[in-house]
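# Summary of structural features
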Amino acid sequence: MYAPPGVKTNHNEFPVPESMRAWVLGDPGELSMSEKPVPVPKKAEVLVRIDAVAICQTDLEIIYHGPPALIQGGMPFNKNFTPGHEYMGTVVALGPGVDECKIGQRVAVEIHAGCGQCKRCREGMYTSCHNYGMNYGDHDKGHRANGFTTDGGFCEYQVNNINTLVPIADDMTDEEATLVVTAGTGMYALTELGGLMAGESVCVTGPGPIGLLTVAVAKALGAQPVILTGTRDNRLQIGKELGADAVVNIRKEPDVVEAVKKLNGGKGVDYVVECSAATTAVNDAVRMVNRGGRVCLAAFAHEEVPVDVAHIVRNNIYMCGIRGEGKSATHRAEAFMAQKRFDATKIHTHTFPLDDLPTAIRYAKDRVEDAIKVVVKAKMNAAHKQAAE
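Here's a quick rundown of the structure.

About the criteria used
Residues numbered from 1 in each chain as written. Predicted model: local features only at pLDDT ≥ 70, side-chain atom pairs only at ≥ 80, totals over all residues. Heavy atoms only, no water. Buried < 20%, exposed > 50% of the residue type's maximum accessible area, 1.4 Å probe, protein only. Helix = DSSP H or I, 4+ residues; strand = E, 2+ residues; numbered from the N terminus. Contact = heavy atoms within 4.5 Å. Phe/Tyr/Trp six-rings, centres within 6.5 Å; stacked < 30°, edge-to-face > 60°. Lys NZ or Arg CZ within 6 Å of the ring centre and 35° of its normal. Salt bridge = Lys/Arg side-chain N within 4 Å of Asp/Glu carboxyl O. Axes fitted to C-alpha atoms, helices over the stretch in contact; angles between N-to-C directions. Parallel < 35°, antiparallel > 145°, perpendicular 65-115°, else oblique. Left-handed = near helix turned anticlockwise from the far one by under 90°. Patch = residues over 30% accessible without salt bridge, like charges linked within 9 Å, V, L, I, M, F, W, Y side chains within 5 Å. Areas by Shrake-Rupley, 256 points an atom, 1.4 Å probe, with all protein chains shown as cover. Pairing = 2+ DSSP bridges. Right-handed = clockwise from strand over helix to strand, strands pointing away. 1 Å grid on protein atoms, 1.4 Å probe; cavity = no way out; pocket = protein on both sides within 12 Å on 5 of 7 lines; lining within 4 Å. Points joined across faces, edges and corners; volume = space filled by probe spheres on them. Nonpolar A, V, L, I, M, F, W, Y, C, P; charged D, E, K, R; others polar. Core = buried A, V, L, I, M, F, W, Y, C linked by side-chain atoms within 4.5 Å.

Of all the eight residues making up helix α1 (residues 57-64), six are buried; the element is thus mostly covered by neighbouring parts of the structure. Taken together, the buried positions of α1 are T58, D59, L60, E61, I62 and I63. Where α1 is buried, its residues meet β2 (19-25), β3 (31-37), β4 (45-54) and α11 (357-366). Phi for G66, located one or two positions after α1, is positive at around 110 degrees.

Structure representation (structure tokens):
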């Protein structure tokens, strides 16, 4: 029986085994099901039974290429590492002294738990922790980023710092709860752009999961108009359902910058959130904003991107990048979702059992059946693969 010293459990209602199933990353692109000990929460940590986990584009980058994961100071391959970070679940054990939550509480989780002692953590910028990845051997500074620098969610149980827990509404489904983090990234981007969106014009470039939920959050914050650009009409339509006032298919418009300006009365927008990672997207973004406008970069580019610095300087344009969902933005995003300010489930398209993770990854990677957000569930019967309606 799972009974680590100092750890509080309730085996009558939430039994915890001593070992669990976990997917482990071998060579690039190779995952294998393994058995691992159920991890033990330390001070200020809890054990979460993972009920559902969504697949993020960054998971695919890690599985096939490595970065931005940093395991034991290097690449994540062949280190008994379990990826996956967009999960939700149920608290089933409390570390020593933890009384901030209860066993049985359903939670979504943020990825990053900063060290709490560096300059950035003390400023609330824990996703920019100066001790990122310093959590092994003699270098243990207390930082955790599950699925990036420590084991993640493609398994049955995981340890989380109490600061990463986001309690979720009772009527929120497991699948919807995995999207809290995605909405949190959009909320973080808009927070860093100023936060006061009411009456301000916003363009979101790239209708992936983050782009789509950034549209939803921007509209919920009162932005007007909200414009979405992309290449797939079906995703642009979902963007409209989530609150976009106008959409632009860049394959059908010879000049996306002029198209966005036209939709905003002939002038640039106040803010752009870049979620596409396209090579031309940054220069497009700085030309879409008006003088003194702001641009937030929320996507990992795959190569070095040329930037027209002179245009940025001449027009007093502000630009920032964000990592993850910092400054407690995930809590604010969950509040919007709990209040039904937007329906995040519109981007959930497929659900698979944990045992069928390779198939789920293929659906997400190759966009099989127009997959957008693919979720895996630990307790789902393998015979009942679901396509969201």
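The next point concerns the packing of aromatic side chains. Describing an aromatic ring pair means giving the distance of the ring centres and the angle of the ring planes. For the coordinates displayed, the defined rule picks out one aromatic pair. Ring centres 5.0 Å apart and planes at 65 degrees place the aromatic pair F352 and Y363 in the edge-to-face group. You can see F352 sitting in strand β17 (residues 348-353) and its partner Y363 sitting in helix α11, a full eleven residues away along the chain. Neither residue differs from the other here; F352 and Y363 are each classed as buried. Directly above the ring of F148 sits R323, whose terminal nitrogen or CZ lies 5.1 Å from the centroid.

Another point: the side chain of T330. By the secondary structure assignment, T330 is in helix α10 (residues 329-338). Excluding residues that lie within four positions of it along the chain, T330 makes contacts with E110, V166, V180, V181, G184 and E325.

Within the structure shown, the criterion is met by 17 salt bridges. Two residues, E175 and K377, come together in a salt bridge whose shortest N-O distance is 3.4 Å. Here E175, found in helix α3 (residues 174-177), pairs with K377, found in strand β18 (residues 373-377); they are 202 residues apart in sequence, far enough to count as distant. Linked by salt bridges that have partners in common, R106, D174, E175 and K377 make up one network.

Another aspect to go through is the packing of helix α4 (residues 180-193) against α10. For any two helices packed against each other, the geometry comes down to the angle between their axes and how far apart the axes lie. Where α4 meets α10, the closest approach of the two axes is 7 Å, and the angle between their N-to-C directions is 115 degrees. The angle between α4 and α10 places the two elements in the roughly perpendicular class. In this structure, the crossing between α4 and α10 has a hand that is right-handed. Across from V180, V181, A183, G184, M187, Y188 and T191 in α4, the residues of α10 making contact are A329, T330, R332, A333, E334, F336 and M337.

Once that is clear, we can look at a nonpolar patch on the surface. A cluster of nonpolar residues, V307, V309, V313 and M319, forms a patch on the protein surface that exposes about 340 Å² of accessible area. As for its position among the elements, M319 is in strand β16 (residues 318-321).

Pairing of strand β14 (residues 269-274) with strand β15 (residues 289-297), which is carried by five bridges, proceeds in the parallel orientation. Along β15, the bridge assignment pairs V269 with V289. Chirality of the crossover, the property in question, places the unit of β14, helix α8 (residues 281-288) and β15 among those that are right-handed. In this view, the connection linking β15 to its parallel neighbour β16 by way of helix α9 (residues 309-314) has right-handed handedness.

If you add up the space inside the second largest pocket, you get close to 920 Å³. Around the second largest pocket, the lining is made up of 38 residues, and of these E45, N135, H143, R144 and T150 lie nearest the centre. Listed by contribution, the elements that provide at least two residues to the lining of the second largest pocket are β3, β7 (112-113) and β9 (157-161). Of the residues contributing to the lining of the second largest pocket, the split by class is 13 nonpolar, 16 polar and nine charged.

A few words on the sheet that holds β14. Strand-to-strand pairing in sheets goes through backbone hydrogen bonds, with the strands running parallel or antiparallel. Strand order in the open sheet made by the six strands is β13-β12-β11-β14-β15-β16, with parallel pairing throughout. Sheet topology places β13 (246-249) and β16 at the edges, where each strand pairs with a single neighbour. Averaged over neighbouring strand pairs, the angle between their axes works out to 15 degrees when direction is ignored. Sheet topology places strand β11 (residues 202-205) next to strand β12 (residues 226-230); four bridges connect them, and they run parallel. Bridging from a neighbouring strand, V202 pairs with V226 of β12. The strands that α4 touches are β14, β15 and β16; relative to β14, the one it contacts most, it runs at about 140 degrees.

Membership of the largest hydrophobic core comes to 54 residues, with the highest contact counts inside it found for V46, L47, I55, F154, V374 and V376. When contributions to this core are tallied by element, the ones reaching two or more residues are β2, β4, α1, β5 (86-94), β6 (106-109), β9, α11 and β18. Formed by 49 residues, the second largest nonpolar core is a distinct cluster that contains I168, A189, L193 and A216.

Within the element layout of this structure, L357 appears in helix α11. The exposure class of L357 is buried, given its relative accessible area of 0%. On a C-alpha basis, the gap between L357 and M33 in space is 9.4 Å, while along the polypeptide they are 324 residues apart. For L357, the contacting residues outside a window of four places in its chain are W23, L31, I55, F154 and V376.

Across the junction of P67 and P68, the peptide omega takes the value 5 degrees, indicating a cis bond. Its place among the elements puts P68 in the loop between α1 and β5. Following Q224, the chain continues into P225 via a peptide bond in cis, with omega recorded as -10 degrees. Checked against the element boundaries, P225 lands in the loop between α5 (209-220) and β12. The backbone of S328 sits at a positive phi, close to 60 degrees, despite the residue not being glycine.

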